[in-house]
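Spelled out, the chains give:
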Amino acid sequence: MAKASDDVNQRQSGVGEPYFCEECKRNHTKGKIYKEHLKFAKFKSVDDEVVDDDNKISDLLSKDDIASEEEALSNEIDEIEEENEEKNEEIEEIREEIDEDDLDEGLEDYNDDGNACVEAVKKLPGVGEATLKKLIKAGFSSLESIAYTPPTIIQKESGLGDKTTAKLIKASMEKLDIGFKSAEVVWEYRKNITRITTSSQELDNLFGGGIETGCVVEFFGEFRTGKTQIAHQLCVNVQLPKEDGGLNGNALYIDTEGTFRPERIIQMAEGHDLDYKKVLKNIVFGRAYNSDHQIMLIKEATNLIKEKNIKLIILDSLIGHFRSEYVGRGTLANRQQTINTHLHDLLRLTDIFPDLCVVVTNQVQSKPDVFYGNPTVAAGGNIVAHGSTIRVYLRKGKGEQRVAKMIDAPHLPEGEAVFSITENGITD
Ligand code: GTP
Ligand code: MG
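Below: a short report on this structure. (Residues numbered from 1 in each chain as written. Chains lettered and ligands numbered in written order. Predicted model: local features only at pLDDT ≥ 70, side-chain atom pairs only at ≥ 80, totals over all residues. Heavy atoms only, no water.)

1. What about the nonpolar core?
A general feature of soluble globular proteins is that nonpolar side chains tend to end up buried together.
So, point 1. With 38 residues, the main nonpolar core has Phe-207, Phe-219, Leu-312, Val-359 and Ile-390 as its most contacted residues.
So, point 2. Element by element, the count of residues in this core is highest for helix α12 (residues 227-237), at five residues.
So, point 3. Core analysis: the second largest hydrophobic core is formed by 28 residues, Ala-288, Ala-301, Ile-310 and Val-360 among them. (Core = buried A, V, L, I, M, F, W, Y, C linked by side-chain atoms within 4.5 Å. Buried < 20%, exposed > 50% of the residue type's maximum accessible area, 1.4 Å probe, protein only. Helix = DSSP H or I, 4+ residues; strand = E, 2+ residues; numbered from the N terminus.)

Shown next as structure tokens:
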């Protein structure tokens, strides 16, 4: 009893005074919070103890202690929460500033261009400053790019909501007049298609006058059949003026195999009496180190095409990385799906930019069940076969000669052409 009354005295004497706590059997200082005491108090019901007459005063003491300690604790928590809130607000402000800076930079690139495409996007209903910035940053800077891209991809890459995306796609489609049209209109469009010469008359004839814009052309064949050589030659030829079989444009070369050789470009440029320095300058080069990187480079290409006057995209080769990365039967479905999406990214580019030509190279794989005829087939199976618009098979001939065979084209007859690979590039 004497001890309990001592405690009461100490409690009454005020903050800062030491006293012995009966509950946790430790010395406490009034007004301080003790972890050990809280642990003890947590497991003890205060109400239960009040019933016990013998320990009534000490129980009252612990009840008061707990109350004051709880109050102090809750004050402290309030303070911490307030501080956290302030810090979160600061972080949010900094984040917003960074985003704004990034987006502004993106917007500047386009404003420099005085881009009419961006102006058209700006005029779509519901497109404010923030939405426009998001669209441009994700590479959707024209009506075509919005209209031809699946909504899920626009949402994923721009961060816009599904309703906004659906509205934008619908409005872009209306503006572009996408829907049914007469074959006459399609014919008018096809008449405007231009072509790049291959530097071989025979090969050009196989393509109906050169490699046409607005589609994906695939060259497939065994090693050393000239796929990479044709790719190099087209990078030079696309730069020629229209009257000489070029498109007056530049090339974007994505190399997945490390076989791009500027020295070959120099030889080919000299073959056309072109200033090789200028020719090299007009080829934008990107080395893809793996399949994800390759996919990313093609996505980034969207933003380069207008800016750099790109009229030809080379992807050499289309599925090399996929073949080495996706090993085993279990990964086949996944691999084919990824290649399919990738090919559609390429096809979409030709929809968005009708004066763009996309050329991909592809390897062959052997068909173990073929005993007569050609035992090789293009890698990638049906997915690639359906994805590319025009497919040409290359094989070796005598010496420098190579044979190209038209395998699939919506409007060209099957046929063959013989061409040569020389020091100055492709010729008849
Ligand atoms: P892979 O990439 O291995 O599948 O082969 P590819 O089809 O891409 O072969 P590529 O286009 O690189 O062709 C290589 C062949 O082009 C060589 O075997 C040579 O026959 C020929 N070639 C390359 N450079 C020259 C050259 O300077 N002069 C001549 N005459 N031929 C060349
Ligand atoms: Mg090659």
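2. Examining the site of ligand 1
So, point 1. Around ligand 1, 16 residues are found, and the nearest of them are Arg-224, Lys-227, Thr-228, Gln-229 and Arg-264.
So, point 2. Side-chain polar atom of Arg-264 to an oxygen atom of ligand 1: 3.0 Å apart, as the coordinates give it.
So, point 3. Here ligand 1 has 660 Å² of accessible area as a free molecule, and 70% of this is covered by the chains.
So, point 4. Mapped onto the shell around ligand 1, the elements with two or more residues apiece are α12, α13 (262-271) and β14 (416-422).
So, point 5. Per-element accounting of the shell around ligand 1 gives the leading share, three residues, to α12.
So, point 6. A class-by-class count of the residues in the shell around ligand 1 yields two nonpolar, six polar and eight charged. (Near = heavy atom within 4 Å. Polar contact = N/O pair within 3.5 Å; in protein donor to acceptor, adjacent residues only side chain to side chain. Areas by Shrake-Rupley, 256 points an atom, 1.4 Å probe, with all protein chains shown as cover. Nonpolar A, V, L, I, M, F, W, Y, C, P; charged D, E, K, R; others polar.)

3. Details of the packing of aromatic side chains
So, point 1. Counted according to the given criterion, the structure contains six aromatic pairs.
So, point 2. One aromatic cluster in this structure is built from Tyr-253, Phe-260 and Phe-285. (Phe/Tyr/Trp six-rings, centres within 6.5 Å; stacked < 30°, edge-to-face > 60°.)

4. Some points on the pairing of strand β9 (residues 357-362)
So, point 1. The buried fraction of β9 amounts to six of the six residues, a majority that puts the element mostly inside the structure.
So, point 2. Residue alternation in β9 divides its side chains into two sets, Cys-357, Val-359 and Thr-361 and Val-358, Val-360 and Asn-362, and both sets are buried.
So, point 3. Summarising the sheet, strand β5 (residues 216-221) and β9 pair through five bridges and their orientation is parallel. Across the sheet, the residue bridging to Phe-220 is Asn-362, located in β9. (Pairing = 2+ DSSP bridges.)

5. Overview of empty space enclosed by the protein
So, point 1. What the rule picks out here adds up to four cavities of 30 Å³ or more.
So, point 2. Within this model, the largest cavity holds a volume of roughly 80 Å³.
So, point 3. In terms of lining, the largest cavity is formed by 12 residues, of which the most central are Ser-141, Ser-142, Thr-302, Lys-306 and Phe-353.
So, point 4. In terms of residue class, the lining of the largest cavity is made up of four nonpolar, seven polar and one charged.
So, point 5. Here the lining of the largest cavity spans two domains, since at least three of its residues come from each of domain 2 (110-179) and domain 3 (189-427). (1 Å grid on protein atoms, 1.4 Å probe; cavity = no way out; pocket = protein on both sides within 12 Å on 5 of 7 lines; lining within 4 Å. Points joined across faces, edges and corners; volume = space filled by probe spheres on them. Domains from an automatic or database assignment.)

6. Some thoughts on unusual backbone geometry
With the exception of glycine, the majority of residues adopt a negative phi angle, and the majority of peptide bonds are in the trans configuration.
So, point 1. Going from Asp-316 to Ser-317, the amide bond is cis rather than trans, its omega being 5°.
So, point 2. Looking at where Ser-317 falls in the secondary structure, it is placed in the loop between β8 (310-316) and α16 (320-325).
So, point 3. For Asp-177, which is not a glycine, the phi torsion comes out positive at approximately 60°.
So, point 4. Inspection of the secondary structure assignment puts Asp-177 in the loop between α9 (162-176) and α10 (183-191).
So, point 5. Here the phi dihedral of Asp-273 falls at roughly 55°; this positive angle occurs in a residue that is not glycine.
So, point 6. Mapped onto the secondary structure, Asp-273 falls in the loop between α13 and α14 (276-281).

7. Details of the sheet that holds β14
So, point 1. Pairing in this open sheet of nine strands is mixed, and the strands run β7-β6-β8-β9-β5-β12-β13-β14-β15 from one edge to the other. Looking at which strands have only one partner, the edges of the open sheet turn out to be β7 (283-287) and β15 (425-427). Pairwise comparison of adjacent strand axes, ignoring direction, gives a mean angle of 25° for this sheet.
So, point 2. As defined by bridge partners, strand β13 (residues 401-408) adjoins β14 across five bridges and the pair is classed as antiparallel. The residue bridging Val-403 from the neighbouring strand is Val-418, located in β14. (Axes fitted to C-alpha atoms, helices over the stretch in contact; angles between N-to-C directions.)

8. With respect to the side chain of Lys-311
So, point 1. In this fold, Lys-311 is placed in strand β8.
So, point 2. Look past the residues within four positions of Lys-311 in its chain and what remains in contact with it is Val-238, Leu-247, Gly-249, Asn-250, Asp-355, Leu-356 and Cys-357. (Contact = heavy atoms within 4.5 Å.)

9. A short note on the state of the cysteines
So, point 1. Counted under the stated rule, the structure contains zero disulfides.
So, point 2. We note that Cys-357 lacks a disulfide partner, and the nearest cysteine sulfur, in Cys-215, lies 5.9 Å from it. (Disulfide = S-S within 2.5 Å.)

10. Observations concerning a nonpolar patch on the surface
So, point 1. A surface patch of nonpolar side chains, about 210 Å² in accessible area, is lined by Ile-33, Leu-73 and Ile-77.
So, point 2. The residue Ile-33 is located in the loop between β2 (26-29) and α2 (35-42) in this model. (Patch = residues over 30% accessible without salt bridge, like charges linked within 9 Å, V, L, I, M, F, W, Y side chains within 5 Å. Salt bridge = Lys/Arg side-chain N within 4 Å of Asp/Glu carboxyl O.)

11. Describing the environment of Val-284
So, point 1. Topologically, Val-284 is positioned in strand β7.
So, point 2. For Val-284 and Tyr-253, which are 31 residues apart along the polypeptide, the C-alpha to C-alpha distance reads 6.1 Å.
So, point 3. With residues up to four places along the chain from it excluded, the contact list for Val-284 reads Ala-251, Leu-252, Tyr-253, Leu-304, Lys-308 and Ile-310.

12. Section: α13
Residues lying three or four places apart along an α-helix face the same way, a consequence of the helix completing one turn every 3.6 residues.
So, point 1. Looking at α13, one finds that the buried residues are Arg-264, Ile-265, Met-268 and Ala-269. Seen from one end, α13 has its buried residues packed into an arc of 135°, which puts them on one side.
So, point 2. Of the surrounding elements, those touching the buried residues of α13 are α12, α14, β7, β14 and β15. (Arc of directions from axis to C-beta.)

13. Comments concerning the pattern of salt bridges
So, point 1. Under the defined criterion, the tally for this structure stands at 11 salt bridges.
So, point 2. Close ionic contact of Glu-174 with Lys-170 constitutes a salt bridge, the shortest N to O distance being 3.5 Å. You can see Glu-174 and its partner Lys-170 sitting in helix α9, four residues apart, about one turn around the helix. Comparing Glu-174 with Lys-170 shows no difference in burial state: the two are exposed.
So, point 3. Each of the salt bridges in this network shares a partner with another, and the network as a whole consists of Glu-157, Lys-299, Asp-345 and Arg-348.

Keep in mind these values describe shape, not function.
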